[in-house]
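Overview (structure and organization)
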Amino acid sequence: MAVQQNVFLHLASVKISRKSLSFRATWFLGTLSLGTFLILAITGILLMLYYHPSVPQAYADMKDLQFVVSAGVFLRNLHRWSRMRWSFWSSLTCSKVFYRGAYRSPREFNWVVESCC
């Protein structure tokens, strides 16, 4: 019960300062990181359906993906670009958490979540 009350007070607190309601450009860093991670996971699962991790078959699978599978090049490049973007967005998010001191009490769990991702 105490945990639920704390979560409710966190989501809809009684007093809110105007400064905390102002727009910040860094609000979307976590959302962008999550979005690119979801794209990365979905394209990784789709690529896993075509790829066999064996020495004689791997190169042939990549060539098939490139020339035989429709939109195979797009799928592979989308996975590659999502990986690069995810690394960029998550490093910016971790930098923001460290710079703003969000790893200190009472928000220690933010740093654990960002470090795991």
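1. As for the overall build of the chain
When helices and strands are tallied, the chain shows 6 helices and 0 strands. What you see in the chain, going N to C, is helices and strands ordered as α-α-α-α-α-α. Burial analysis of the chain (117 residues in total) assigns 17% to the buried set. Expressed as a percentage of contacts within the chain between residues at least 6 apart in sequence, the contacts between residues at least 24 apart total 57%.

2. Some thoughts on helix H4 (residues 55-67)
Turning to H4, its buried residues number three or more, namely Ala58, Asp61 and Leu65. The buried side chains of H4 occupy one side of the element, clustering within an arc of 70° when seen end-on. Seen from the open side of H4, the exposed residues pointing more than 90 degrees away from its buried face are Pro56, Tyr59 and Phe67. In the core, the buried residues of H4 are packed alongside helix H3 (29-50) and helix H5 (72-100).

3. Re a nonpolar patch on the surface
Nonpolar side chains collect at one region of the surface, where Ile42, Leu46, Leu49 and Tyr50 lie side by side and expose about 400 Å² of accessible area between them. You can see Ile42 is positioned in helix H3.

4. A short note on the packing of aromatic side chains
Following the criterion strictly, the structure yields 2 aromatic pairs and no others. Measuring from ring centre to ring centre gives 5.8 Å for Phe37 and Trp86, while their planes differ by 45°; the resulting arrangement is tilted. With a gap of 49 residues between them, Phe37 in helix H3 and Trp86 in helix H5 connect regions that are remote in the sequence.

5. Overview of H5
Under the 1.5 Å per step criterion, the end-to-end length of H5 is 42 Å for 29 residues, consistent within 8% with the ideal 42 Å. Buried within H5 we find Gly72, Leu75, Ser82, Trp86, Ser90, Thr93 and Val97. A positive phi of about 75° marks Gly101, the residue just after H5.

6. Thoughts on unusual backbone geometry
With glycine set apart, most residues show a phi of negative sign, and most peptide bonds adopt trans. Of note, the phi angle at Ala71 is positive, near 65°, even though the residue is not glycine. Tracing the chain through its elements places Ala71 in the loop between H4 and H5.

7. Considerations on the packing of H3 against H5
For the pair H3 and H5, interaxial distance at closest approach is 8 Å and the crossing angle is 150°. By the angle between their axes, H3 is roughly antiparallel relative to H5. Viewed along their axes, H3 and H5 form a crossing whose handedness is left-handed.

8. Focus: the packing of H4 against H5
Taken N-terminus to C-terminus, the directions of H4 and H5 make an angle of 115°; their axes are 6 Å apart at the nearest point. In terms of axis orientation, H4 runs roughly perpendicular to H5. Contacts between H4 and H5 involve Met62, Leu65 and Gln66 from the former and Gly72, Val73 and Arg76 from the latter. Split by residue class, the contact of H4 with H5 holds 3 nonpolar, 2 polar and 1 charged.

Definitions and cut-offs
- Numbering of residues starts from 1 in each chain and follows the order in which that chain's sequence is written.
- Given that this is a predicted model, residues contribute local features only at a pLDDT of at least 70 and side-chain atom pairs are listed and counted only at 80 or more, while totals for whole chains, interfaces and linings are drawn from all residues.
- To obtain the side-chain values, all non-hydrogen atoms of the structure were included, while hydrogens and water were left out.
- Helix and strand assignments come from DSSP, with helices taken as H or I runs of at least 4 residues and strands as E runs of at least 2, each series counted from the N terminus.
- Any residue under 20% of the maximum accessible area for its type is buried, any over 50% is exposed, and the rest in between are partly exposed; the area is computed with a 1.4 Å probe on protein chains only.
- What makes two residues a contact is simply this: any of their non-hydrogen atoms within 4.5 Å.
- It is the directions from the helix axis to the C-beta atoms whose arc is reported.
- Residues enter patches when their relative accessible area tops 30% and they take part in no salt bridge; the joining distance is 9 Å for like charges and 5 Å for the nonpolar side chains Val, Leu, Ile, Met, Phe, Trp and Tyr.
- Only the protein chains shown count as covering a residue, and every accessible area follows the Shrake-Rupley method with a 1.4 Å probe.
- Should a side-chain nitrogen of Lys or Arg be within 4 Å of a carboxyl oxygen of Asp or Glu, the pair is scored as a salt bridge.
- Pairing of aromatic rings covers Phe, Tyr and Trp, the last through its six-membered ring, and needs centres within 6.5 Å; plane angles under 30 degrees mean stacked, over 60 mean edge-to-face, and all others mean tilted.
- Helix span, as expected, comes to 1.5 Å for every residue beyond the first.
- Note on geometry: axes are lines fitted to C-alpha atoms, helical ones only across the stretch in contact, with angles between N-to-C directions running from 0 to 180 degrees.
- Angle categories: roughly parallel below 35 degrees, roughly antiparallel above 145, roughly perpendicular from 65 to 115, and oblique for all the rest.
- By convention the crossing between two helices is left-handed if the near helix lies anticlockwise of the far one by an angle smaller than a right angle, and right-handed if it lies clockwise.
- Each residue is assigned to one of three groups, with Ala, Val, Leu, Ile, Met, Phe, Trp, Tyr, Cys and Pro labelled nonpolar, Asp, Glu, Lys and Arg labelled charged, and all others, Gly among them, labelled polar.

All quantities given are derived from atomic positions and should not be read as evidence of function.
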